[in-house]
Amino acid sequence: MGSKLKRSLVCWLILLPFVVAGLFPFAVMAITALKAPDEVLNPTWWPSRLAFENFVTMWQATNFGPALLNSVIVSVVSTLVALVVSIPAAYALGRFRFAGQGAFRVFLIVTQMLSPIVLVIGLFRLVAWAGLIDNVSAVAFVYGAFNIAFTVWMLQSYFATIPRDLEEAAWMEGASRWRTLVSVFLPLAVPAIVVTAIFAFINAWNEFVIALTMLRTQDSYTLPIQIFSLVAGRYTVEWHHVMAATFVATIPVAIAFAWLQRYLVRGLSVGAVK
């Protein structure tokens, strides 16, 4: 027992700098959000009183509610779009052999090397031609398109670890390929699908450049653009509102990670085994 406790202490001492470095920005953000407006720029670390009303005034003064709803819609829709397209594509890559398969895999990797800012002018012209500027749904589908290559690459590596024998056994029992895919294959792939969905959701939740280019009015802003508008082009910045908004914006992602943690661990373990 003593040696086990000693190993635990050593591990925590090694991990402590990483924990502090990871939590420090969130601590600064939370403490600043809880400071009174006249104390925000004071050098004192801890506020003289906790101003929880900053979150209420922030919600009322910054149009945070519509921006939060827009971000949820955009992130969920883009994730669903990416998964609907990626699951069949990843299954085909993992289970079939066809001409150009290797080139397609390379193409998936190459697309991940392109930053959205490189393509944003062309995307803007395409969306403007379609008359979809300042349209939240258009942004969601653009995000989904950007996530497809990533999700296909993630899923096909996981799908390849699922034994083919299970599908063949279902076929021998008379199940069609579609029935086997839905009833046998996909339930086994749930951890991988959830992990991929989490990453696709976070990519859409945090995306800034495309939303900044395509969204024009405050009613259509997503959270990154709404928070950016609290700082950009202002003579005075209400940092307590900025930090409160940023803190609240991290909550949905934290909830998603906590809720789906068991799938995240299982999905990453499958990828590590491969």
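It should be noted that the structure appears before, not after, this text.
Residues numbered from 1 in each chain as written. Predicted model: local features only at pLDDT ≥ 70, side-chain atom pairs only at ≥ 80, totals over all residues. Heavy atoms only, no water.

A. Spatial organisation of the packing of aromatic side chains. Scanning the model with the defined rule gives 8 aromatic pairs in all. Considering the side-chain rings of Trp59 and Phe64, the 5.2 Å spacing of their centres and the 50° angle between planes classify their relative orientation as tilted. On the basis of relative accessible area, Trp59 is assigned to the partly exposed category, the value being 41%. Here the aromatic cluster, defined as three or more aromatic residues joined through ring pairs, consists of Tyr91, Phe159 and Phe185. (Phe/Tyr/Trp six-rings, centres within 6.5 Å; stacked < 30°, edge-to-face > 60°. Buried < 20%, exposed > 50% of the residue type's maximum accessible area, 1.4 Å probe, protein only.)

B. Layout of the nonpolar core. Formed by 19 residues in total, the largest nonpolar core has its most connected members in Met58, Phe64, Trp205, Leu223 and Ala245. Only helix 3 (64–95), helix 9 (190–206), helix 11 (223–229) and helix 12 (239–259) provide two or more residues apiece to this core. Those residues in contact with Ala245 that lie beyond four places of it in its chain are Met58, Phe64, Ile227 and Leu230. With 17 residues, the next largest nonpolar core counts Ile87, Phe150, Met154 and Leu181 among its residues. (Core = buried A, V, L, I, M, F, W, Y, C linked by side-chain atoms within 4.5 Å. Helix = DSSP H or I, 4+ residues; strand = E, 2+ residues; numbered from the N terminus. Contact = heavy atoms within 4.5 Å.)

C. Structural context of unusual backbone geometry. Positive phi values are uncommon outside glycine, yet Asn63 reaches one of about 60°. Tracing the sequence through the fold places Asn63 in the loop between helix 2 (53–61) and helix 3. Although it is not a glycine, Asp134 adopts a positive phi angle of roughly 65°. Tracing the chain through its elements places Asp134 in the loop between helix 5 (116–129) and helix 6 (136–159).

D. Representation of the layout of surface pockets in the model. Quantified by volume, the largest pocket comes out at close to 480 Å³. Lining the largest pocket are 19 residues, with Gln112, Pro116, Ala145, Phe146 and Asn147 sitting closest to its centre. At the level of elements, helix 4 (101–111), helix 5, helix 6 and helix 9 are the ones that each hand at least two residues to the lining of the largest pocket. Here the residues of the lining of the largest pocket sort into 14 nonpolar, 4 polar and 1 charged. (1 Å grid on protein atoms, 1.4 Å probe; cavity = no way out; pocket = protein on both sides within 12 Å on 5 of 7 lines; lining within 4 Å. Points joined across faces, edges and corners; volume = space filled by probe spheres on them. Nonpolar A, V, L, I, M, F, W, Y, C, P; charged D, E, K, R; others polar.)

E. How the structure looks around empty space enclosed by the protein. This model, assessed by the stated rule, comprises 1 cavity of 30 Å³ or more. Empty space within the largest cavity amounts to approximately 40 Å³. Together, Ser71, Val74, Ser75, Tyr143, Ala204, Trp205, Glu207, Thr222 and Pro224 line the largest cavity. Residue assignment for the lining of the largest cavity shows that the elements contributing at least two residues are helix 3 and helix 9. Of the residues contributing to the lining of the largest cavity, the split by class is 5 nonpolar, 3 polar and 1 charged.

F. Quick look at helix 6. Taking 1.5 Å of rise per residue, 24 residues should cover 34 Å, and helix 6 covers 32 Å from first to last C-alpha, within 8% of that figure. For helix 6, the principal kink sits at Asn147 and spans about 40°. Within helix 6, 17 of the 24 residues are buried, which leaves it mostly tucked inside the rest of the structure. The backbone nitrogen of Ser137 has a side-chain oxygen 2.9 Å away, supplied by the residue at the start of helix 6, namely Asn135. (Expected span 1.5 Å × (residues − 1). Bend = angle between axes of the 7 residues up to and from the residue. Polar contact = N/O pair within 3.5 Å; in protein donor to acceptor, adjacent residues only side chain to side chain.)

G. Here's a closer look at the environment of Ala67. Relative to the elements of secondary structure, Ala67 occurs in helix 3. Of the residues examined, Ala67 reaches a relative accessible area of 0% and is grouped as buried. Between the C-alpha atom of Ala67 and that of Thr57, which follows or precedes it by 10 residues, the distance is 15 Å. Excluding residues within four positions of it along the chain, Ala67 makes contact with Tyr221, Thr222, Leu223 and Gln226.

So yeah, pure geometry; function would need other evidence.
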